[in-house]
Amino acid sequence: MSFSPGPSTPMGAQSIQDQRDRWERKKNRVARELVQSEQKYCEQLDLVVTYFVEILKAKGTLRQDIRESIFSSIKSIHLINQSLLADLEQQRFGLGFEEFCNHLQQYNTYVDNIQIAKKVLTVQLKKSKAFRRFKKLQESRPEFHQQKLEDLIQLPLQRIQQYKHFLRDLTENTSPDNLEFQQLSKAVKAVSEVAQRIQDNAHRHDNHMQLRRVQKQLKGRKTRILAPGRWYIREGWLKIVPPKGTEAKPKMFFLFSDILLQAKRFSPVHPTNGGKFACQQVYPLKECTADKVFGHTKSQGGLISLTFARAKLLLMSEDQEDINDWYRSICLAIGQLKSKNTVVHRRDELRRRPLRSDTDSQNTPDRQPTCGMKRTMILDEDVKGRTEGHISSCATSTQENDHSATKRMKHDNTSSARPQESAGSSCVIL
């Protein structure tokens, strides 16, 4: 039986062509969906700009600063996307998104302002009867299809997420040899950065709301929960096991990225603080070590041992899954704190000034020579002769820079005890 490679070549070529055809069909489908959704998006932006931004400006129902707080850069976004739509309808996807990405700062501005916009809108709806009536009248128009202004101002954020997926599909189904491939690849990166910005801002906002909620729950001892860089992790009831074997007492614990807060609940019948918590202890996680304690709960729940600089806690829960989750969360928070400290330490070390030779130091105007306290090696007689010829100049430099050299050579007590020897040899540096 002989093997003939002839028929396999057309089959291979046909297989490659079939794959390219499938890519082209998928790209066309994605392109069609992109254009249709962009048309609808621009129509919705036009509703907001026409029936809210422009008419509110003409009527003067809201002050200019309030209008800008609510609608931010939405007019600029509307103009940018009208231009993008024109390119997409002409099948100029790469060129259209390349130009679109040059104006993404308008989306960044809108993203950063969205939480303020929602808050100001809510306040104005409560304060201004005229604005409530105006908003209700505009939303009742048939063009809005019962959409609310609160939903419409979220559209630019949602559209960025949609762009990210559309662009990825277009890029994956475009040949790398095509000019559009490079344009679409750059657009994917730029749009993904804005999408990540949206997620980060939303995460920070959610964390801020959690910190405020916990702050409102705490009464009595003043404890500042709203601190820069602090993240809420979890909360729940755990029992504190006393050292002398008395009954374990349940306490409420709030875990943050840098502290563990212990609190007790006020009585429900308390005249002012019923159902709230009084802070009892705040344990910093910076110096904390966490360990699991085994063999003391008869396979029901578990124990965690927390050791701090000035305290030690033994926490118990009868729920095995709950105590395991507490242990993982605490260990993760401790690990992240230590990781941050390590990074700072390394950066500090990188900032230390390197040892310089006499020639380098003399050529640098803001640093004085430090040849007086250097440890040296005499390599040959010729070097020794030249160094002896410069004893007097180096000795003078030694006296002027004794303090700077001492900082760089912390343990060189021998050199300070024999100044003539060090001065005579310090101009030759290892």
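Colleague: What is the right way to look at the overall build of the chain in this model?
Modeller: When helices and strands are counted, the chain shows 16 helices and eight strands. Out of the 430 residues belonging to the chain, those deemed buried represent 39%. Across the chain, contacts joining residues at least 24 apart in sequence account for 61% of those joining residues at least 6 apart. Put simply, the chain shows about 27,000 Å² of open surface, and 51% of that area lies on carbon and sulfur atoms.

Colleague: Explain the packing of helix α5 (residues 105-127) against helix α9 (residues 179-217) to me, please; I cannot follow it from the model alone.
Modeller: Relative placement of two packed helices is described by the angle separating their axes and the distance separating the axes. At a closest axis distance of 10 Å, the pairing of α5 and α9 adopts a crossing angle of 15°. Classed by the angle they form, the pair α5 and α9 counts as roughly parallel. Every pair of crossing elements has a handedness; the one defined by α5 and α9 is right-handed. The segment α5 lies against α9, with Tyr107, Asn108, Val111, Asp112 and Gln115 engaging Val194, Arg197, Ile198, Asn201 and His205. Split into classes, the residues belonging to the contact of α5 with α9 amount to four nonpolar, four polar and two charged.

Colleague: Whenever I open this one, the pattern of salt bridges confuses me. Can you help?
Modeller: Think of it this way: side chains of opposite charge can pair up when their charged atoms draw near. Inspection of every chain in the model, using the stated rule, returns 15 salt bridges. One salt bridge connects Arg230 with Asp258, and the closest N-O pair in it is separated by 2.9 Å. Of this pair, Arg230 sits in the loop between β1 (218-219) and β2 (232-240) while Asp258 sits in the loop between β3 (249-256) and β4 (259-265), and the two are 28 residues apart along the sequence. For Arg230, a relative accessible area of 10% gives the class buried. Where Arg234 meets Asp322, a salt bridge forms, and the shortest distance between an N and an O atom there is 3.0 Å. Of this pair, Arg234 sits in strand β2 while Asp322 sits in helix α10 (residues 320-350); the two residues are 88 residues apart in sequence, bridging distant segments of the chain. The network of salt bridges with shared partners includes Lys135, Glu139, Lys148 and Glu150.

Colleague: Would you take a moment to explain the sheet that holds β2 for this structure?
Modeller: The strand order β1-β5-β4-β3-β2-β8-β7-β6 describes an open sheet built from eight strands, whose pairing is mixed. Looking at which strands have only one partner, the edges of the open sheet turn out to be β1 and β6 (289-293). Pairing geometry for β2 and strand β8 (residues 312-317), over two bridges, is antiparallel. Residue pairing for β8: Ile240 is matched across the bridge by Leu315. Where α9 meets the sheet, it contacts β1, β2, β3 and β5 (277-284), and its direction lies at approximately 35° from that of β2.

Colleague: Would you mind showing me how to read helix α6 (residues 129-139) here?
Modeller: Given 3.6 residues to a turn, an α-helix orients residues that are three or four positions apart in the same direction. Among all positions of α6, only Phe131, Phe134, Lys135, Gln138 and Glu139 are buried. Each buried residue of α6 sits inside an arc of 125° when the element is viewed along its axis, so together they form one side. Residues of α6 that are exposed and point more than 90 degrees away from the buried face comprise Lys129, Arg133, Lys136 and Leu137. Of the residues that open α6, the one with a side-chain oxygen 3.1 Å from the backbone nitrogen of Phe131 is Ser128.

Colleague: Can you help me understand unusual backbone geometry in this one?
Modeller: The general pattern is negative phi for most residues beyond glycine and trans for most peptide bonds. Backbone geometry places Gln91, a non-glycine residue, at a positive phi of 65°. Notably, His145 is not glycine yet its phi reads approximately 50°, a positive angle. Positionally, His145 belongs in the loop between α6 and α7 (149-152). You can call His145 exposed: its relative accessible area is 65%.

Colleague: What is the right way to read the nonpolar core from this model?
Modeller: For soluble globular proteins, nonpolar side chains are generally found buried alongside one another. If you look at the biggest cluster of nonpolar residues, it comprises 55 residues, and the most contacted ones within it are Phe71, Phe97, Phe100, Leu104, Tyr107, Ile160 and Tyr163. Not counting residues within four places of it along the chain, the set of residues in contact with Phe71 comprises Val48, Phe52, Val53, Leu56, Tyr110 and Leu149. Ile240, Phe308, Leu315 and Ile330 belong to the second-largest nonpolar core, a separate cluster that totals 20 residues.

Colleague: So what exactly am I meant to see when it comes to the side chain of Thr171 here?
Modeller: Here Thr171 is to be found in helix α8 (residues 155-172). Ignoring any residue separated from it by four or fewer positions in sequence, one finds Thr171 in contact with Phe181, Leu184, Ser185 and Val188.

Colleague: Sorry if this is basic, but what is going on with the packing of helix α3 (residues 74-89) against helix α4 (residues 93-101) here?
Modeller: At a minimum axis separation of 8 Å, α3 and α4 run at an interaxial angle of 165°. By the angle between their axes, α3 is roughly antiparallel relative to α4. Regarding α3 and α4, the two cross each other, and that crossing is right-handed. Residues Ile80, Asn81, Leu84, Asp87 and Leu88 of α3 pack against Phe93, Gly96, Phe97 and Phe100 of α4.

Colleague: Help me understand the pairing of β8 in this model?
Modeller: Within a regular strand, the side chains alternate between the two sheet faces. Of the pairings in the sheet, the one linking strand β7 (residues 302-307) to β8 comprises six bridges and is antiparallel in character. Each residue of the ladder has a partner; that of Thr307, found in β8, is Lys312. Hairpin geometry of β7 and β8 is characterised by an intervening segment of four residues between the two adjacent antiparallel strands.

Colleague: Looking at this model, I keep getting lost on the packing of aromatic side chains. Mind explaining?
Modeller: Here a ring pair, both rings aromatic, is described through the centre-centre distance and the interplanar angle of the planes. The final tally for this structure, using the stated rule, is 11 aromatic pairs. Between Phe52 and Phe134 the ring centres are 5.8 Å apart and the planes differ by 90°, which places this aromatic pair in the edge-to-face class. In this pair, Phe52 is assigned in helix α1 (residues 8-59) and Phe134 in helix α6, connecting sequence segments 82 residues apart. When its relative accessible area of 0% is taken as the criterion, Phe52 is described as buried. Ring geometry for Phe100 versus Tyr107: centroids 5.6 Å apart, planes at 65°, classification edge-to-face. An identical accessibility class is assigned to Phe100 and Tyr107; each is buried.

Colleague: Explanation requested: the pairing of β4 in the structure shown.
Modeller: Burial runs high along β4: five of the seven residues are buried. For β3 and β4, the ladder comprises four bridges, and the chain directions are antiparallel. The residue of β4 that forms the bridge with Met252 is Ala263. The loop that links β3 with its antiparallel partner β4 comprises two residues. Pairing of β4 with β5, which is carried by seven bridges, proceeds in the antiparallel orientation. Bridge pairing in β5 links Lys264 to Ala278.

What counts, and at which threshold
Residues numbered from 1 in each chain as written. Predicted model: local features only at pLDDT ≥ 70, side-chain atom pairs only at ≥ 80, totals over all residues. Heavy atoms only, no water. Helix = DSSP H or I, 4+ residues; strand = E, 2+ residues; numbered from the N terminus. Buried < 20%, exposed > 50% of the residue type's maximum accessible area, 1.4 Å probe, protein only. Contact = heavy atoms within 4.5 Å. Areas by Shrake-Rupley, 256 points an atom, 1.4 Å probe, with all protein chains shown as cover. Axes fitted to C-alpha atoms, helices over the stretch in contact; angles between N-to-C directions. Parallel < 35°, antiparallel > 145°, perpendicular 65-115°, else oblique. Left-handed = near helix turned anticlockwise from the far one by under 90°. Nonpolar A, V, L, I, M, F, W, Y, C, P; charged D, E, K, R; others polar. Salt bridge = Lys/Arg side-chain N within 4 Å of Asp/Glu carboxyl O. Pairing = 2+ DSSP bridges. Arc of directions from axis to C-beta. Polar contact = N/O pair within 3.5 Å; in protein donor to acceptor, adjacent residues only side chain to side chain. Core = buried A, V, L, I, M, F, W, Y, C linked by side-chain atoms within 4.5 Å. Phe/Tyr/Trp six-rings, centres within 6.5 Å; stacked < 30°, edge-to-face > 60°.

The values reported here are purely geometric and, on their own, carry no functional implication.
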